[in-house]
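One letter stands for each residue in the lines below.
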Amino acid sequence: MASQTMMASKMVSSKASLSSRTASFNGTRSAVAMTRPVQKKQTVKTTAAATVTTAAVNTTAAEVTQPLSKTVLSIILGGGAGSRLYPLTKERSKPAVPIGGAYRLIDVPMSNCFNSGISKIYVLTQFNSVSLNRHLSRAYRQSSVGSEGFVEVLAATQTPTDKQWFQGTADAVRQYSWLLSDVKNKKIEDVIILSGDHLYRMDYSEFIRTHRSVGADITVSCLPMDDSRASDFGLMKIDDTGRIIAFSEKPTGDELKAMQVDTTILGLDAEAAKASPYIASMGIYVFKKDVLLDLLTEKYPSCNDFGSEILPFSCDDLLVQAHLFAEYWEDIGTIASFFEANLALAKSPPQFEFYDANNPIYTSARFLPPARIESCHLVDSIVSHGAIVEDAVVENAIVGIRARVNSGCTIKRAMLMGADYYENDDERAAMLQAGEIPVGIGEGSVISNTIVDKNARIGKNCTITNANNIQEEKNEDAGYYIRSGIVTILRNAVIPDGTTI
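Predicted, not measured: the structure shown is a model, and the values here were computed from it.

This brings us to the overall build of the chain. A tally of regular secondary structure across the chain gives 14 helices and 27 strands. In the chain, once contacts between residues fewer than 6 apart in sequence are set aside, the share between residues at least 24 apart is 67%. Accessible surface computed for the chain: about 20,900 Å², of which carbon and sulfur atoms make up 49%.

Turning our attention to the nonpolar core. For soluble globular proteins, nonpolar side chains are generally found buried alongside one another. With 66 residues, the main nonpolar core has Met 110, Leu 199, Tyr 200, Phe 338 and Ile 451 as its most contacted residues. Dropping the residues within four chain positions of it, Leu 199 is found in contact with Ile 99, Val 108, Tyr 328, Trp 329, Glu 330, Ile 332, Ala 341, Leu 345, Phe 352 and Phe 354. Ranked by size, the runner-up nonpolar core spans 46 residues in total, among them Val 291, Leu 293, Leu 311 and Val 320.

One pass over the structure, following the stated rule, counts 5 cavities of 30 Å³ or more. One number sums up the size of the largest cavity: a volume of about 90 Å³. Taken together, 15 residues line the largest cavity, and the ones lying closest to its centre are Ala 403, Gly 418, Gly 440, Ile 441 and Val 452. The set of elements that each furnish at least two residues to the lining of the largest cavity consists of β18 (404-405) and β20 (440-441).

With respect to the element layout, Ser 177 can be found in the loop between α7 (169-175) and β6 (190-195). Owing to a relative accessible area of 8%, Ser 177 belongs among the buried residues under this scheme. When neighbours within four sequence positions are excluded, Ser 177 is seen to be in contact with Leu 293 and Thr 297.

Of all 10 residues that make up helix α8 (residues 204-213), 8 are buried, and the element is covered over most of its length. By the burial criterion, the buried members of α8 are Tyr 204, Ser 205, Phe 207, Ile 208, Thr 210, His 211, Arg 212 and Ser 213. Gly 215 sits one or two residues past α8 and shows a positive phi near 70°.

Throughout the structure, instances matching the rule amount to 22 salt bridges. One salt bridge connects Lys 90 with Glu 476, and the closest N-O pair in it is separated by 2.8 Å. A residue pair is termed long-range when its members are at least 10 positions apart, and Lys 90 in the loop between β1 (72-77) and β2 (98-99) and Glu 476 in the loop between β24 (473-475) and β25 (480-483) qualify at 386 residues. Judged by its relative accessible area of 39%, Lys 90 is partly exposed.

The next thing to look at is the pairing of strand β21 (residues 446-452). Most of β21 is tucked away, with 5 of its 7 residues classed as buried. Judged from the 2 bridges that link them, β21 and strand β23 (residues 463-464) form a sheet pairing that is parallel. If you follow Val 446 over to β23, its bridge partner there is Thr 463. Both β21 and strand β26 (residues 486-489) contribute to a ladder of 3 bridges, which runs parallel. Residue pairing for β26: Thr 450 is matched across the bridge by Val 487.

To continue, consider the packing of aromatic side chains. This structure, assessed with the given rule, holds 15 aromatic pairs. Taking the centre distance of 6.4 Å and the plane angle of 70° together, the rings of Phe 114 and Tyr 362 count as edge-to-face. One end of the pair, Phe 114, is in helix α4 (residues 107-115); the other, Tyr 362, is in the loop between α13 (335-344) and β14 (372-374), and 248 residues separate them in sequence. Under the relative-accessibility criterion, Phe 114 is labelled buried at 16%. Arranged with centres 5.7 Å apart and planes meeting at 55°, the rings of Phe 233 and Trp 329 form a pair that is tilted. Linking Phe 233 in the loop between β8 (218-225) and β9 (234-238) with Trp 329 in strand β13 (residues 329-331), this pair joins segments that are 96 residues apart in sequence.

Let us now look at the side chain of Ser 248. Turning to its location among the elements, Ser 248 is positioned in strand β10 (residues 244-249). Classification of Ser 248 by relative accessible area gives buried; the value is 17%. Contacts of Ser 248, omitting those with residues within four sequence positions, involve Phe 233, Gly 234, Leu 235 and Met 259.

It is worth spelling out the layout of surface pockets at this point. To find the voids left in a structure, one rolls a probe of water-molecule size over its atoms. Taken as a whole, the second largest pocket spans an internal volume of roughly 890 Å³. Taken together, 39 residues line the second largest pocket, and the ones lying closest to its centre are Gly 79, Lys 94, Thr 169, Ser 195 and Asp 305. Of all the elements in the fold, those that place two or more residues in the lining of the second largest pocket are β4 (120-125), α7, β6, β11 (278-288), α12 (306-314) and β13. With 4 residues, β11 is the largest single contributor of residues to the lining of the second largest pocket.

Now for the environment of Leu 256. Note on placement: Leu 256 falls in helix α9 (residues 253-258). On the basis of relative accessible area, Leu 256 is assigned to the buried category, the value being 10%. Counting along the chain gives 21 residues from Leu 256 to Leu 235, while the straight-line C-alpha distance between them is 8.4 Å.

Following Tyr 86, the chain continues into Pro 87 via a peptide bond in cis, with omega recorded as 15°. Looking at the element boundaries, Pro 87 is found in the loop between β1 and β2. Geometrically, the link from Ser 348 to Pro 349 is a cis peptide bond, its omega value of -5° lying close to zero. Take Pro 349: it is sitting in the loop between α13 and β14. Its identity as a non-glycine residue notwithstanding, Asn 396 has a phi of 45°, on the positive side.

This paragraph deals with the confidence of the model for the chain. Counting all residues, the mean pLDDT for the chain is 85, and 84% of those residues have values of 70 or more. The low-confidence segment residues 1-16, where pLDDT is below 50, has 57 contacts with residues more than four positions distant or belonging to other chains. Note that pLDDT drops below 50 for residues 32-64; the model gives that stretch 43 contacts with residues more than four away or on any other chain.

What counts and how
- One numbering rule holds for all chains: residues counted from 1, following each sequence as written.
- Reporting in this predicted model follows two pLDDT cut-offs: at least 70 for local features of residues, and 80 or more for side-chain atom pairs to be given and counted; totals over whole chains, interfaces and linings ignore these cut-offs and use all residues.
- Just so you know, side-chain values use all the structure's heavy atoms and leave hydrogens and water out.
- Strands are runs of DSSP state E lasting at least 2 residues, helices are runs of H or I lasting at least 4, and numbering of each runs from the N terminus.
- Every residue pair with non-hydrogen atoms within 4.5 Å of one another is taken to be in contact.
- Reported accessibility uses the Shrake-Rupley method at a 1.4 Å probe radius. Residues are deemed covered only where the shown protein chains occlude them.
- The criterion is simple. A nonpolar core is a set of buried Ala, Val, Leu, Ile, Met, Phe, Trp, Tyr and Cys residues joined through side-chain atoms within 4.5 Å.
- Here the term buried applies to any residue with accessible area under 20% of the maximum for its type, exposed to any over 50%, and partly exposed to those in between, with areas from a 1.4 Å probe on protein chains only.
- Points on a 1 Å grid over protein atoms alone make up a cavity when a 1.4 Å probe fits among them but cannot get out, and a pocket when they form an open set with protein on both sides within 12 Å along at least five of seven lines; lining residues each have an atom within 4 Å of a point.
- Grid points are joined across faces, edges and corners, and a volume is the space filled by probe spheres set on the points.
- Salt bridge criterion: a side-chain nitrogen from Lys or Arg within 4 Å of a carboxyl oxygen from Asp or Glu.
- Paired strands are those between which DSSP finds at least two bridges.
- Classification of ring pairs rests on two measures: the distance between centres of Phe, Tyr or Trp rings, Trp counted by its six-membered ring, which must be within 6.5 Å, and the angle between planes, read as stacked under 30 degrees, edge-to-face over 60 and tilted in between.
- pLDDT gives the predictor's per-residue confidence on a scale running from 0 to 100.

Structure below.
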């Protein structure tokens, strides 16, 4: 169905200490909540799961173990214009942005679905969706999802009833909500809504188990958050059963301070709770299908966003539950976060690694040869299949598929996305003789603090390091763009010999 990348650094599993308490938080809250009636706005507090009757346990277990391939539908949101990731999103949507040398961001939620037993998947797209659609059609064909599963791309469109493009996350789902009542989805009980631009590995079956075992209408996956990034997320307050009693989307100032909580309730020790005094939404939700349809079409037909509208309004009269996720998770929404998350993949040990025999991350099968590395010094780097690296220094870097790094180059703290095609030795020799620049990094060039997008042509003896520490510069005519101090060489750009950036 798909292929996996090769990693040059040591494979070491690393988990946060908080993860050992995740099951306790989700399980204990589930057991407590199971003893209360499912009627809205009622809570029966208890201190022991033993009060749950055997019949109730058996019934809940039967509900939870229903095959997810039959009862759960996934909707992956392709995101907006991706302006914070520009220029990587100049010609592609956010989920189609390459990551980790051989993957695309969309491969992460897609693989999590497959590994969790979810095979009915809709992907909603709107901006620059051509490359995303091409990748999905190549990587996830019908043979990948079985006879009852499907992967369908739903593009924003105008109809007699919806004459606008997607206005937000909730509106995107609303415009295709009629599909939830389609005959092939008649057995669907729950809908899991995912983002296409997060990096994490998650077993959604545990998430859905929390949702079903407490009888929740909506369940939100969450994690503790520090003060420096809290305003970038939806924040919540929960009671001692894990029920969400307040939700605020990206608050600032006094509203932000008002969302501080004692996160020891999540299992953090006092020191960690002081450092992370917020509970942040991951932007991942499970809805009962009937509840989702009612919210979108009956109760809040004019609300366009889940985080800023649907969830805050629903906390008052629906059972909205929190599910703690304590593993690695990163919202790759900016150039800086994208760059650092990629470089972190090459560290030893990495916080996240694509290799996991039991829960692989799938992608398009390209049938490329192994990487060829000759007389090189490599430290903490990922070199993907089809790459050619000759007589170079590569440290803390990602070298993507079909990338070409020529002799005398130094690549440090850099991400090379590689190329969509090869140029053979005869073609490259002819180009050099004609004064042209082949795809890849030319001899003697130094690349640091830089993202090199696909098919870029960098000449000989170039120095691209942002030595002057320029934070922002737009120079697309010259083939580059600087954001947050990170240089991005544009896709298909040509950088002449001897250029200094």
